[in-house]
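Inside the fold
The residues making up each chain are set out below.
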Amino acid sequence: MDTHTHLEDLSNEIFFEIFDYLHALDIFTAFASLNKRILSILKSISLHVIILNSHYDREIQFLSSHLTFHAHQVVSLYIYDTIRDRSSIISLLFNRHHFINLQSCKFISINSSTELDNVIKQVKSLNRLVTFVITQPIYQNNNKKYICDITRTILMHKSSSLRSVMLRYNYDYLDISTYTSIASNLISLDLLMSGTLNIVSLYSILPILRVCHRIRYLHVIINHQIIPEYVNLNVSIRHPFINENNLPISPQVTTFDLSTFGICDFRSIAYILRCMPNLIRFKFLHGTQRVPLPVVDNLVNGYAWQQMLETYVPFLSKFDFFISILKKYRKLDLDMVVNSFQHFVEKYPKWQMIIDRWVLASNMFLNSVQSNDNDDLQQCVTYLSHVVHLPNVNQIGFQSYADTSRWKDIQFILQACPNLINLTISPLYLVLSEFIDNQFLISIFKKIKFLKAILENRYVPLNFVSKLVQRFPSLTGIELEVFSFNDCVSTIDILLSHLKNLSYLKIYYKQVSLLDHPFSRNYIIDKRREAFGFNIIDEHKVIVKRNGESVEIRLS
């Protein structure tokens, strides 16, 4: 008796459940060519499109060919604008397709050259949109016209279903008071407000509250792009005129996350909290920054926080904060700081406080190295472990310096991070014999999967590359800079022939050569197969790019 169950024997309900766990590209790849019954099911399911930066153009073209008949079924988009071998993916899809039933739309790292006219036009007409997200790297330049247009389009969206918006890109929101209306049912708003000190501040949140009447969950990041060196931090911050009888009271706000990476003061925080009388949860993050002396005294004064919170947000049941301050004046009395927050330890269950002091003076490290005092270095690592659980760290980047006197600092930190797999380090340290031949580090090197060693005008010598592949045999990705194109050719040959797990490499070079090298796909494929056998590589996934300054190769 044949008891085997075939795919065709499964009920439609099971297929619907299977498809709920898959995104559109996977569905079309696996099921689109099976039979008429499956094709019929595919016409009636909701589709979730996910495009990651690891995808290839051929995959996007395949997906797009199917979306020609299924775009109206797409309910969510999650798109990186730049993939491995193409950019402006967002405009490509919106120029070809109309996603009329879209409910969730998330764009990641939009390229500054991407044209968004059709995107904005479509987004404006979406009447089922519930969630809209754009996240950009904070260092990435944006097209100012499109940023202005997309901001206004989303915040003034007419859809009654729109509930959640996250706009993480550099924008000052100076024009928000001119918006004629705000999405009426918007309850969650997450904004990055960025600009110079005289344009953006905590007070920039007040116009947001004035126009967003139903917001319950608010997260605002304040980032000062440039803080001039001539700003006198020992004087009081200038405050704009605030009419205390006309504050934008927002009784519906229950959760407020505030992150500031610029100059702020206690008074401005108080003004914002006065507008949220029913606040239940407050999270405050203050990134490392130069701070006026009077502000420091308040930020680390638990009694001042207690008085402010009890006065303006009496229903607060959860309060989290992280404050990092860079200062050159008198030391804080850490015991006094801890004692001042005793109220919060007693009020909030499981509430804990950790405080640490770091000395940034380079002489401290230099003296400890010169005296060979390993105890001092170990103490620095101990301090670091109070802030970060080092066994959980899998990625570290060390700032590059023009000398190598602090190599032992790096040794002790690496020894405390047994699960490290991603390392960024100066090539000066990398080639240093005390470092690369260090018996305490060899076992750590063997676990590293990604290595980046680039410093301006400092090159990895060709005669070092053979030792590098011995010390780092598990590498899957590597970025280096060598002196000449000839060195680049030889370096790539060594990496391709000795690193079995390699999937990505990018080698920069300074000096061009009269001799050329094609670096064709066939050359790369033959080189890998010659070293590791035929099955080591999928020839369809090999991508080679060369731009006159570097050679970049993707093997998978």
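Residues numbered from 1 in each chain as written. Predicted model: local features only at pLDDT ≥ 70, side-chain atom pairs only at ≥ 80, totals over all residues. Heavy atoms only, no water.

- Per an unreviewed UniProt entry, the protein goes by F-box domain-containing protein and derives from Rotaria sordida.

**Some points on the sheet that holds strand E14 (residues 477-484)**
- Across the sheet, seven strands lie side by side as E11-E12-E13-E14-E15-E17-E16; this open sheet has mixed pairing. Every other strand in the sheet has two partners, leaving strand E11 (395-397) and strand E16 (543-546) as the edge strands with one partner each. Averaged over all neighbouring strand pairs, the angle between strand axes comes to 10°, with direction disregarded.
- The pairing of E11 with strand E12 (residues 422-424) spans three bridges and is parallel. Note on E12: the bridge partner recorded for Gln395 is Asn422.
- The sheet strands contacting helix H21 (residues 485-498) are E14, strand E15 (504-511), E16 and strand E17 (550-554), and the helix crosses E14 at an angle near 150°. (Pairing = 2+ DSSP bridges. Helix = DSSP H or I, 4+ residues; strand = E, 2+ residues; numbered from the N terminus. Axes fitted to C-alpha atoms, helices over the stretch in contact; angles between N-to-C directions. Contact = heavy atoms within 4.5 Å.)

**With respect to the side chain of Ser250**
- By secondary structure assignment, the location of Ser250 is in the loop between strand E7 (217-224) and strand E8 (255-261).
- Within polar-contact distance, the side chain of Ser250 engages the backbone oxygen of Pro248 at 3.3 Å.
- Once you skip the residues sitting within four places of it in the chain, Ser250 turns out to touch Leu209, Cys275, Met276 and Pro277. (Polar contact = N/O pair within 3.5 Å; in protein donor to acceptor, adjacent residues only side chain to side chain.)

**Comments concerning the pairing of E8**
- By the criterion of burial, E8 is predominantly enclosed, with six of the seven residues buried.
- Where E7 and E8 come together, seven bridges link them in parallel fashion. Residue pairing across strands places Ile221 opposite Ser259, the latter belonging to E8.
- The pairing of E8 with strand E9 (residues 281-286) spans six bridges and is classified as parallel. Counterpart to Asp257 in the pairing with E9 is Lys283.
- Considered for its hand, the β-α-β crossover made up of E8, helix H9 (residues 266-274) and E9 is right-handed. (Buried < 20%, exposed > 50% of the residue type's maximum accessible area, 1.4 Å probe, protein only. Right-handed = clockwise from strand over helix to strand, strands pointing away.)

**A few points about the sheet that holds E9**
- Strand order in the open sheet formed by ten strands is E1-E2-E3-E4-E5-E6-E7-E8-E9-E10, and the pairing between neighbours is parallel. Only two strands of the sheet have a single partner each, and these edge strands are strand E1 (47-51) and strand E10 (318-323). With strand direction ignored, the average angle separating the axes of adjacent strands in the sheet is 5°.
- In the packing of helix H5 (residues 89-96) onto the sheet, contacts are made with E1, strand E2 (74-80) and strand E3 (104-108), and the angle to E2 comes to roughly 150°.

**What to know about the side chain of Asp175**
- Its location among the elements puts Asp175 in the loop between strand E5 (164-171) and strand E6 (188-195).
- The class of Asp175 is buried, set by a relative accessible area of 18%.
- Side-chain polar atoms of Asp175 contact the side chain of Tyr171, separated by 3.2 Å.
- Excluding residues that lie within four positions of it along the chain, Asp175 makes contacts with Cys148 and Arg152.

**So, the packing of aromatic side chains**
- Applying the stated criterion across every chain yields a total of 24 aromatic pairs.
- On the numbers, 5.2 Å between centres and 50° between planes, the contact of Phe319 with Phe344 is tilted. In this pair, Phe319 is assigned in strand E10 and Phe344 in helix H13 (residues 342-347), connecting sequence segments 25 residues apart. Both residues of the pair, Phe319 and Phe344, count as buried.
- Pairing Phe485 with Tyr509 gives two aromatic rings, centres 5.1 Å apart and planes at 65°, and the pair type is edge-to-face. One end of the pair, Phe485, is in helix H21; the other, Tyr509, is in strand E15, with 24 residues separating them in the sequence. Each member of the pair, Phe485 together with Tyr509, is buried.
- By the ring-pair criterion, three or more aromatic residues cluster together here, those being Phe256, Phe266, Phe282, Phe284, Trp305, Phe319, Phe321, Phe341 and Phe344.
- Residue placement shows Arg58 over the ring face of Tyr56; its charged tip is 4.6 Å from the ring centre. (Phe/Tyr/Trp six-rings, centres within 6.5 Å; stacked < 30°, edge-to-face > 60°. Lys NZ or Arg CZ within 6 Å of the ring centre and 35° of its normal.)

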